Amino acid sequence: MISSLPKWVGDLFESSLRPNVKVLDTSYINPQIKKIRFGGDISKMNFQIGYANVIRVSETEYRNYTAAYHDKEKGIIDIIFHIHDNGVGSQYIDTIKTGDELYIGPSRGKKLYDPSVKQQFIFGDETCLGVASSFLPYLKRNNHQYQFYFELDEENKNTPELLGLENFTVFPKKGLFRNEKWINDLPLFKTSEWQTASFVVLGNVKSVQAFRKVLKNNMSGKIITQGYWLEGKKGL
């Protein structure tokens, strides 16, 4: 997915496109988690769980964000953003206010949801809260057995509850999910019940890699992974 383009290319691209959404509402779940509702013509967007929309966050930088909720008939998109450190994406998103207009690119990416699998397991951090929110209605509607595991900073530990998520366990973000021995001792691996589940592992690249390795050694179900960020690297 695009993370940066020369300024002139971005200007040329966007000069032919008018803003297609308007900011209808913004709210902070907490100082690090911002929810924005956009309204506009989204009728041609192909929303799939795990797909992302590109937003230009500076003259040369672009970032990908997943819709937590959408309603094509009403022309509404909700996106949950992680505001952290001094990243260019965070800085831009933090400034967005009600009434602003911008262009959001069409949805594309990797499909994460297989409705044919009864058991669904989703792992991630703050960057994955939108994906988790988009998963939940389908998991409930289709009577899946499901679990969410989140590794979150202390100040964000109540966010899943505030977002209305269910069947989740929150772990402190202290490098636990980079310790394969510790991961191997999780309750998930102490029963055969989840052997053939669909495992969706997202977020920090190092956590994703370690968790995937343990899953491959213990489980026979499908494992879908996607790293959203890595320390010291911009624009994954």
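Our subject is the structure that appears above.
Calculation criteria
- Residues numbered from 1 in each chain as written.
- Predicted model: local features only at pLDDT ≥ 70, side-chain atom pairs only at ≥ 80, totals over all residues.
- Heavy atoms only, no water.
- Helix = DSSP H or I, 4+ residues; strand = E, 2+ residues; numbered from the N terminus.
- Buried < 20%, exposed > 50% of the residue type's maximum accessible area, 1.4 Å probe, protein only.
- Contact = heavy atoms within 4.5 Å.
- Pairing = 2+ DSSP bridges.
- Axes fitted to C-alpha atoms, helices over the stretch in contact; angles between N-to-C directions.
- Core = buried A, V, L, I, M, F, W, Y, C linked by side-chain atoms within 4.5 Å.
- Expected span 1.5 Å × (residues − 1).
- Bend = angle between axes of the 7 residues up to and from the residue.
- Phe/Tyr/Trp six-rings, centres within 6.5 Å; stacked < 30°, edge-to-face > 60°.

Engineer: Teacher, can you tell me more about the environment of V170 here?
Structural biologist: Positionally, V170 belongs in strand β11 (residues 168-172). The exposure class of V170 is partly exposed, given its relative accessible area of 29%. In the structure, V170 is positioned 19 residues away from E151 in sequence and 5.9 Å away in space, judged by C-alpha atoms. The contacts of V170, once residues within four sequence positions are left out, are F150, L152, K157 and P160.

Engineer: Got a minute to help me understand the sheet that holds strand β7 (residues 101-102) in this structure?
Structural biologist: Strand pairing in a sheet relies on backbone hydrogen bonds. The paired strands run either parallel or antiparallel. Pairing within the open sheet is antiparallel, and its 5 strands lie in the order β5-β6-β2-β1-β7. Among the strands making up the open sheet, the edge pair consists of β5 (67-71) and β7. Sheet contacts for helix α2 (residues 88-95): β1 (21-30), β2 (33-40), β6 (76-82) and β7; angle to β2, the most-contacted strand, approximately 65°. Those strands touched by helix α3 (residues 129-141) are β2, β5 and β6, and its axis lies near 45° from that of β5.

Engineer: Explanation requested: the nonpolar core in the structure shown.
Structural biologist: Nonpolar side chains in soluble globular proteins generally cluster together in the buried interior. Core analysis: the biggest nonpolar cluster contains 23 residues, and L112, F135 and F148 have the highest contact counts within it. Counting only elements with at least two residues in this core, the list comes to α3, β10 (145-152), β12 (198-204) and β13 (223-229). With 6 residues, α3 is the largest single contributor of residues to this core. Once residues lying within four places of it in the same chain are set aside, the contact partners of F135 are I49, L112, Y113, Q120, I122, F148 and V200.

Engineer: Teacher, can you tell me more about the sheet that holds β13 here?
Structural biologist: The strand order across the open sheet formed by 5 strands is β11-β10-β9-β12-β13, and the pairing between neighbours is parallel. Here the strands that pair on one side only, and so sit at the sheet edges, are β11 and β13. Between one strand axis and the next, the sheet turns by 10° as a mean value, whatever way the strands run. Where β12 meets β13, 6 bridges bridge the pair, whose relative direction is parallel. Looking at the pairing, V200 lines up with I224 of β13. Relative to the sheet, α3 contacts β9 (119-124), β10, β12 and β13, its axis offset from that of β10 by approximately 165°. Those strands touched by helix α6 (residues 205-218) are β9, β10, β12 and β13, and its axis lies near 155° from that of β12.

Engineer: Mind showing me how you'd approach α3 here?
Structural biologist: Quick reminder: α-helices carry 3.6 residues per turn. Residues three or four places apart thus point the same way. Relative to the 18 Å expected for 13 residues at 1.5 Å per residue, α3 spans 19 Å between its end C-alpha atoms, a close match to the ideal helical length. At F135, α3 shows its largest kink, close to 25°, and the proline P137 lies no more than four residues downstream. Taken as a whole, α3 has its buried residues at L129, G130, V131, A132, S133, S134, F135, L136 and L139.

Engineer: Can you help me understand the packing of aromatic side chains in this one?
Structural biologist: Each pair of aromatic rings is reported with the distance of its centres and the angle of its planes. This structure, assessed with the given rule, holds 16 aromatic pairs. Ring centres of F121 and F211 lie 5.8 Å apart, and the angle between their planes is 80°; this geometry places the pair in the edge-to-face category. You can see F121 sitting in strand β9 and its partner F211 sitting in helix α6, a full 90 residues away along the chain. When its relative accessible area of 0% is taken as the criterion, F121 is described as buried. What makes F211 buried here is its relative accessible area of 0%. When the ring of F148 is compared with that of F150, the centres are 5.8 Å apart and the planes differ by 5°; the resulting orientation is stacked.

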